[in-house]
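Summary of the model geometry
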Amino acid sequence: MSIALRAQALLGIALAVAAGGAIAKGELTGDPKAGEAVYARCFACHALTYNRTGPKHCGLLGRRAGSVPGFQYSVAMKRANWIWDKKMLDRFLANPMKVVPGTTMGYAGVKDRKERADLIAYLEQAGKSDVCREH
Amino acid sequence: MSSRIQTPDTSFALLHDAPELETRRSFLGKSGLVLSGAAIALLAGRDALAKGKKTAGSDVNVLNSALGAELEAIAAYQVGAESGLLQKPVLDLAVTFQGHHKAHADLLAQTVAKLGGKPVSAKEKYDFPVDTLKTQADVLRFAAMLEKGAVSAYLGAVPILDNRDLAKAAASILGDEAMHWAILRNALGEAPVPVAFMS
């Protein structure tokens, strides 16, 4: 690769990162700080460390769907046969009632892709925090 | 559960008219809220039923989700009121807001039943972070957090309700939750309305 082409490629990468998306394999890298603000939208029903109208979020990534002890899930969520990873969370958060018809999470979803990425980044970071280690 | 709204005994002198006028306005305002809410529920229930079982079922899930959050809010305000941390007039404010949530919950439960669904019940026990509530400000911040979440929840409910009358009723509740949030922020000495748009 010529120096000019290499410089052009590097510039392209730099622009992609600067665009805030940090695009890798079609996924957005979220900003946990921005995601914390998005998480405030969940406060009517969710908390990190304890079950509310919705289940707690500590330990969400890597957890089997519908598996928090003591939480009464919908039949639909109990039947959801997957582990929550970033990709699955992204799908679910975009349109919960479409991805899990019959879910009790009666919410339109987080429609903005970057906001979802930020929210997932926050949940991932919070899951590793001291607060969540105890829960 | 009572559908009556608790009598507000707010001490916001600047917002009060003469006592007689206030009593009359308060009575009319509260009666109007209850009647219009019930009317919305009944009318919306009939419309949604007429649209078919699938539509009503989807709306039932959304409304039951909101009902669950309202029931938790009622319990949260009860914890706040009984904490001994709230002083008048903030205590009165909390009781008034709890009354609003009771009215919301009653309306939602009636509507879910009207649509052929089973309204969710209050949990026997709610987990609240009571160990972090040490002062009146802590309780207010906790309540404000719940109210802001409620605004977002209703914002997320309005566009997916198939029945437009139900969406209108949900938007009406959203407005009430937003006012709660603003007043609680104001009581905390924060900007009551910090943003032009909610999300």
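Quick note: structure is the one above.
Residues numbered from 1 in each chain as written. Chains lettered and ligands numbered in written order. Predicted model: local features only at pLDDT ≥ 70, side-chain atom pairs only at ≥ 80, totals over all residues. Heavy atoms only, no water.

To continue, consider the pattern of salt bridges. All names here are of chain A. Applying the stated criterion across every chain, the model contains 11 salt bridges over all chains. With a closest N to O distance of 2.9 Å, Glu 115 and Arg 41 form a salt bridge. Taken together, the residues span a long stretch of sequence, with Glu 115 in helix α6 (residues 113–127) and Arg 41 in the loop between α2 (32–39) and α3 (75–79) at a distance of 74 residues. With its nearest N and O atoms 3.2 Å apart, the salt bridge here joins Glu 124 to Lys 86. With Glu 124 in helix α6 and Lys 86 in helix α4 (residues 86–94), this pair connects stretches of sequence that are 38 residues apart. The partly exposed category is assigned to Glu 124, whose relative accessible area is 25%. Exposure remark for Lys 86: the relative accessible area of 40% places this residue in the partly exposed category. Residues participating in the shared-partner salt-bridge network are Lys 86, Glu 124 and Lys 128. (Salt bridge = Lys/Arg side-chain N within 4 Å of Asp/Glu carboxyl O. Helix = DSSP H or I, 4+ residues; strand = E, 2+ residues; numbered from the N terminus. Buried < 20%, exposed > 50% of the residue type's maximum accessible area, 1.4 Å probe, protein only.)

Now for the packing of helix α4 (residues 136–157) of chain B against helix α5 (residues 164–187) of chain B. Residues and elements named next belong to chain B. One can describe the packing of α4 onto α5 by two numbers: an axis separation of 8 Å at closest approach and a directional angle of 155°. For the element pair α4 / α5, the angle class is roughly antiparallel. When you trace α4 past α5, the crossing you get is left-handed. Here Leu 140, Ala 143, Ala 144, Glu 147, Lys 148, Ala 150, Val 151, Tyr 154 and Leu 155 of α4 come into contact with α5, specifically with Ala 170, Ile 173, Leu 174, Glu 177, Ala 178, His 180, Trp 181, Leu 184 and Ala 187. Grouping the amino acids of the contact of α4 with α5 by side-chain chemistry returns 14 nonpolar, one polar and three charged. (Axes fitted to C-alpha atoms, helices over the stretch in contact; angles between N-to-C directions. Parallel < 35°, antiparallel > 145°, perpendicular 65-115°, else oblique. Left-handed = near helix turned anticlockwise from the far one by under 90°. Contact = heavy atoms within 4.5 Å. Nonpolar A, V, L, I, M, F, W, Y, C, P; charged D, E, K, R; others polar.)

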